[in-house]
Amino acid sequence: MNKLICTLLPAALVAGCAVGSSGPYDETPDFAPVSYKSVCLLANPDVKIPRVMEAVEAGLKRGGAEVKRIAAGSGTLVCPFVITYDLPSDDGIVSSIRFQSFEHGIPRLDAAGRAPKGKALTIAAVEAYAAEFLNRASRRGKPAEAEKAPEAEKPVTASTFRSVPNWQAGQKSTE
């Protein structure tokens, strides 16, 4: 009996390892660079205000992207670069919008834009935050280029994503 166990155990272990391995896997497509100028906008079925998706789309277009809407439930692997959004509410008041980007299905950037304290988020703010989110997503991992740009060419942006954007603060944009 011991001889049988000693013979079968190593054979089973070797067979088990061979079953799980099918050769090398090329991960290059999973991490290939994406074009931030081609965005798939994933609909959120929990957001019942149609103008929100229109405002997000308009903001992404203002940021220079070609936008393709994709239906809720399509998943994040439909396109190389996918953005979705959510409108969390506090006591029935929508005061922020949350964006999430995916590159080849992998979550990359998550950010929120807020309305001024005590106020509700406007459609114009949603559009402005969408444009700023796209700008941040496209600059992610490229800080050296932004630092090399001359002062006159740097875009005027809020110091943090959650702070008051230029259009709200009354500053003129350089766009």
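These notes cover the structure that comes with them. (Residues numbered from 1 in each chain as written. Predicted model: local features only at pLDDT ≥ 70, side-chain atom pairs only at ≥ 80, totals over all residues. Heavy atoms only, no water.)

1. A short note on the overall build of the chain
How we decide: Labels follow the DSSP assignment, with helices taken as runs of H or I lasting at least four residues and strands as runs of E lasting at least two, numbered in each case from the N terminus. Burial classes: relative accessible area under 20% of the type maximum marks a residue as buried, over 50% as exposed, and values in between as partly exposed (1.4 Å probe, protein chains only). By the convention used here, residues are in contact when the closest approach between their heavy atoms is within 4.5 Å. Exposure was quantified through the Shrake-Rupley algorithm and a 1.4 Å probe, taking into account, for residues, occlusion by the shown protein chains and nothing else.
A tally of helices and strands in the chain yields six helices and seven strands. Its helices and strands taken in sequence order, the chain reads α-α-β-α-β-β-β-β-β-β-α-α-α from the N to the C terminus. Split into buried and exposed, the 175 residues of the chain put 32% on the buried side. In the chain, of all internal contacts separated by at least 6 residues, the share reaching a separation of at least 24 is 63%. Summing over all exposed atoms, the chain offers an accessible surface of approximately 11,200 Å²; the carbon and sulfur share of this is 58%.

2. Points about the sheet that holds strand β3 (residues 81–86)
Convention followed: At least two bridges found by DSSP between two strands is the condition for calling them paired. Axes here mean lines fitted to C-alpha atoms, for a helix over just the part in contact, with angles spanning 0 to 180 degrees between N-to-C directions.
One open sheet accounts for five strands, arranged β2-β1-β3-β6-β7; its pairing is mixed. Either end of the sheet is taken by a strand with one partner, and the two such strands are β2 (66–70) and β7 (106–114). For this sheet the average axis-to-axis angle between neighbouring strands, irrespective of direction, equals 25 degrees. Bridge count for strand β6 (residues 96–103) against β7 is seven bridges, and the pairing is antiparallel. Its bridge partner lying in β7, E103 is registered against I106. Helix-sheet contacts for helix α3 (residues 50–62) involve β1 (38–42), β2, β3 and β6, and the interaxial angle to β2 is about 155 degrees. Strands β1, β3, β6 and β7 of the sheet are contacted by helix α4 (residues 123–139), whose axis makes an angle of about 30 degrees with β6.

3. Let's talk about the packing of α3 against α4
Stated precisely, the cut-off is as follows: Here is the rule for angles: anything less than 35 degrees is roughly parallel, anything more than 145 is roughly antiparallel, 65 through 115 is roughly perpendicular, and the remaining ranges are oblique. In this scheme the handedness of a crossing depends on how the near helix is turned from the far one: anticlockwise by less than a right angle means left-handed, clockwise means right-handed. When residues are grouped by polarity, Ala, Val, Leu, Ile, Met, Phe, Trp, Tyr, Cys and Pro land in nonpolar, Asp, Glu, Lys and Arg in charged, and all others, Gly among them, in polar.
Running from amino to carboxyl end, α3 crosses α4 at an angle of 40 degrees, the nearest separation of the two axes being 7 Å. The angle between α3 and α4 places the two elements in the oblique class. Two packed elements cross with a definite hand, and for α3 against α4 that hand is right-handed. Residues R51, V52, A55, V56, A58, G59, L60 and R62 of α3 lie in contact with α4, whose contacting residues are I123, V126, E127, A128, A130, A131 and L134. Each residue belonging to the contact of α3 with α4 can be placed in one class, and the counts come to eleven nonpolar, one polar and three charged.

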